Amino acid sequence: MNETRRAVLDALADGPVSGPELADALDVSRAAVWKHVEALRDAGFGVESTGSGYVLSEIPEYGGLAVEYGLTAPFEVEYHDSVPSTNDRARDLAADGASDVVVLADEQTGGRGRLEREWASPSGGVWMSVVCRPDLPPARVTLLTVAMSAAVCGAVREAGVPAEIKWPNDLLVPDPDAERGGRKLAGILTEMEGEAGQVSWVVVGVGLNANVPANDLPEGATSLLVERGDPVERRTLVQRALERFVELRADPAAAREAWREQAATLGTRVRVTLPTETVVGEAVDVTDVGALVVETDAGEERVVHAGECEHLRPV
Ligand code: BT5
C-alpha cells in the first residue's frame, strides 16, 4: 500500500482540505496529490472537490484501502478481487520478508482447508490471511489460532450472529437439527515456517462466509447473510476482527479467556480422533496454546493438541 495515499486519506478524514494544503502537509507536488485523489476515486472512494477543498463523501464497502481506512491495527492490506488462495499469496509475501500484511480477497479459486481439503470461497466471503513474525517457539504458535478464533467470533457476534467456537478451529452457528449440532460459518488455517526453537513466519488464514448466499454454500454450512437476512459491512467486520486479534495475540491469558467464553466445546461430550487413537470424554478446558483438555470416562485427564473433534450427545 502506498503510504502517501493512506496519508491523503487520513487527511481527508479530518475534513475539507485543499490540494495545496495537502501538498504542503505531505511534502509532495500538487500533481502528485491530484494523482492520489484520482487513485482513491478509482478505488471507489467518493472524493468531491468543493470550495473549501476536497471532501470525503463515500467509503467503498470493501477493498484494501477501505479496510485500512480508520484501522487502528498496524496492518497493510493487499486486496484481490480473485486469487487462488490468500494463504498461498501470504506465504509468498512472508518468504520475501513481509510482516504484518493482510491478504484479502473477495473470491478464491483454490481455497484450502486443513489436510488439503477444499474450502469453498465464492464471491462475497471474507477470505483473509495475516502474515505475522512472532517471537515464539513453534510449539506455541497455536496461540495465534486461539487469538484469531476468539477475535473473529467476537466480530461476528457484534454483527448480530450468535456464533460459537468449536475446537480446534471452527465457528459454528448452533442448530439442534444440524448433524454436528451447528452449521459451519468459518474456519481457520494456520501455517508456519521456522527452525527448531524459533518461528520464522506464521500465516493465519480465516475463511468466513460473510455475504455468501445459501445457494453458493456447501452442505452443512451457513453464512452471515443467511443468518442475518441482510448483508454485513465486510470492511468494519474485518477491521474489528483484526483489531481484536492484535490485542489478543499480545495477551495469551486474555485470548484463552475470550476463547473459553465463546466456546461450544467446553462442557460437551466429545470424540477426538487422533492419528493413532480416539479419545472420548468431556471437554473440560483449553490450555493457553489451545490444546483441549478431555476428561475420559475412566477419569483420566488427556491433553489433545490436534485432531478431528465431534460433539456427542450426553450419555
Ligand atoms: C478449515 O479447514 O476450516 C480451514 C479453512 C480456512 C480457509 C481460509 S480462507 C483464507 C485462507 N486461504 C486459504 O486457502 N485457506 C484459508 P477444515 O477444518 O479442514 O474444514 C474443511 C471442511 O469444511 C471441508 O472439507 C468442507 O467439509 C467444509 N467446507 C468447505 N468450504 C466451506 C465453507 N465455505 N464453509 C463451511 N464449510 C466449508
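Higher on the page you've got the structure.
Below or above, wherever it landed, is the structure these notes cover. (Residues numbered from 1 in each chain as written. Predicted model: local features only at pLDDT ≥ 70, side-chain atom pairs only at ≥ 80, totals over all residues. Heavy atoms only, no water.)

A separate point is the site of the ligand. Neighbouring the ligand are 25 residues; S85, R112, R117, K184 and N209 lie closest to it. A distance of 3.4 Å is found between a nitrogen atom of the ligand and a backbone nitrogen or oxygen belonging to N87. In the complex, the protein chains occlude 89% of the 790 Å² of accessible area that the ligand would expose alone. Those elements that provide at least two residues to the shell around the ligand are α5 (86-95), β5 (126-132), β8 (182-195) and β9 (198-208). A total of four residues in the shell around the ligand trace back to one element, the largest contributor, which is β8. When grouped by side-chain class, the residues that make up the shell around the ligand number eight nonpolar, eleven polar and six charged. (Near = heavy atom within 4 Å. Polar contact = N/O pair within 3.5 Å; in protein donor to acceptor, adjacent residues only side chain to side chain. Areas by Shrake-Rupley, 256 points an atom, 1.4 Å probe, with all protein chains shown as cover. Helix = DSSP H or I, 4+ residues; strand = E, 2+ residues; numbered from the N terminus. Nonpolar A, V, L, I, M, F, W, Y, C, P; charged D, E, K, R; others polar.)

Another point: the nonpolar core. Soluble, globular proteins show a tendency: their nonpolar side chains are buried together. With 61 residues, the main nonpolar core has V156, L185, L208, L224, L242 and F245 as its most contacted residues. Both domains that furnish three or more residues to this core are identified here as domain 2 (64-261) and domain 3 (269-312). Excluding residues within four positions of it along the chain, L242 makes contact with V67, L71, A73, F75, V102, M128 and V130. The next biggest cluster of nonpolar side chains, apart from the first, holds 15 residues, and it includes L9, L12, V37 and Y54. (Core = buried A, V, L, I, M, F, W, Y, C linked by side-chain atoms within 4.5 Å. Buried < 20%, exposed > 50% of the residue type's maximum accessible area, 1.4 Å probe, protein only. Domains from an automatic or database assignment. Contact = heavy atoms within 4.5 Å.)

Turning to helix α2 (residues 19-26), its buried residues number three or more, namely G19, L22 and A23. For α2, the angular spread of buried residues about the axis comes to 100 degrees, placing them on one side. What points out from α2, more than 90 degrees from its buried face, is the exposed set D24 and A25. Where α2 is buried, its residues touch α1 (3-13), α3 (30-42) and β2 (53-58). (Arc of directions from axis to C-beta.)

Let's shift gears to the pattern of salt bridges. Under the definition given, this model contains 26 salt bridges. A salt bridge links D288 to R140; the nearest nitrogen and oxygen atoms lie 3.3 Å apart. Of this pair, D288 sits in the loop between β11 (278-286) and β12 (292-296) while R140 sits in the loop between β5 and α6 (142-158); the two residues are 148 residues apart in sequence, bridging distant segments of the chain. Take R140: its relative accessible area is 29%, and that puts it in the partly exposed class. Within the structure, one salt-bridge network assembled from shared partners comprises D88, R91, R112, E116 and E191. (Salt bridge = Lys/Arg side-chain N within 4 Å of Asp/Glu carboxyl O.)

Where α1 meets α3, the axes come as close as 10 Å, and the angle between the chain directions of the two elements is 80 degrees. Here α1 lies roughly perpendicular to α3, going by the angle between them. Contact with α1, carried on its side by T4, R5, V8, L9 and L12, involves H36, V37, A39 and L40 of α3 and no other residues of that element. Class assignment for the residues of the contact of α1 with α3 results in six nonpolar, two polar and one charged. (Axes fitted to C-alpha atoms, helices over the stretch in contact; angles between N-to-C directions. Parallel < 35°, antiparallel > 145°, perpendicular 65-115°, else oblique.)

One can find E48 in strand β1 (residues 46-50). Sequence spacing of E48 and E58 is ten residues, and the spatial spacing of their C-alpha atoms is 9.3 Å. For E48, the contacting residues outside a window of four places in its chain are R41, G53, Y54, V55 and S57. Looking at E48, its side chain comes within polar contact range of the side chain of S57, at 3.2 Å.

The next thing to look at is the packing of aromatic side chains. Enumeration over the complete set of coordinates arrives at two aromatic pairs. Note on F45 and Y69: the rings are 6.3 Å apart at their centroids and 80 degrees apart in plane angle, and the pair reads as edge-to-face. Placement of the pair is F45 in the loop between α3 and β1 and Y69 in the loop between α4 (64-68) and β3 (76-83), with a sequence separation of 24 residues. Neither F45 nor Y69 differs from the other in exposure class; each is buried. (Phe/Tyr/Trp six-rings, centres within 6.5 Å; stacked < 30°, edge-to-face > 60°.)

In space, the seven strands of this open sheet follow the order β3-β4-β5-β9-β8-β7-β6, with mixed pairing throughout. Across the chains shown, the open sheet's two edge strands, defined by having one partner strand only, are β3 and β6 (164-166). When the angles between neighbouring strand axes are averaged without regard to direction, this sheet yields 20 degrees. Relative to β9, β8 is paired through ten bridges, and the arrangement is antiparallel. (Pairing = 2+ DSSP bridges.)

Our next topic: the sheet that holds β12. The five strands lie next to each other as β13-β12-β11-β10-β14, forming an open sheet whose pairing is antiparallel. In this open sheet, the two edge strands, each paired with only one partner strand, are β13 (301-304) and β14 (308-312). For this sheet the average axis-to-axis angle between neighbouring strands, irrespective of direction, equals 45 degrees. Pairing geometry for strand β10 (residues 269-273) and β11, over five bridges, is antiparallel.

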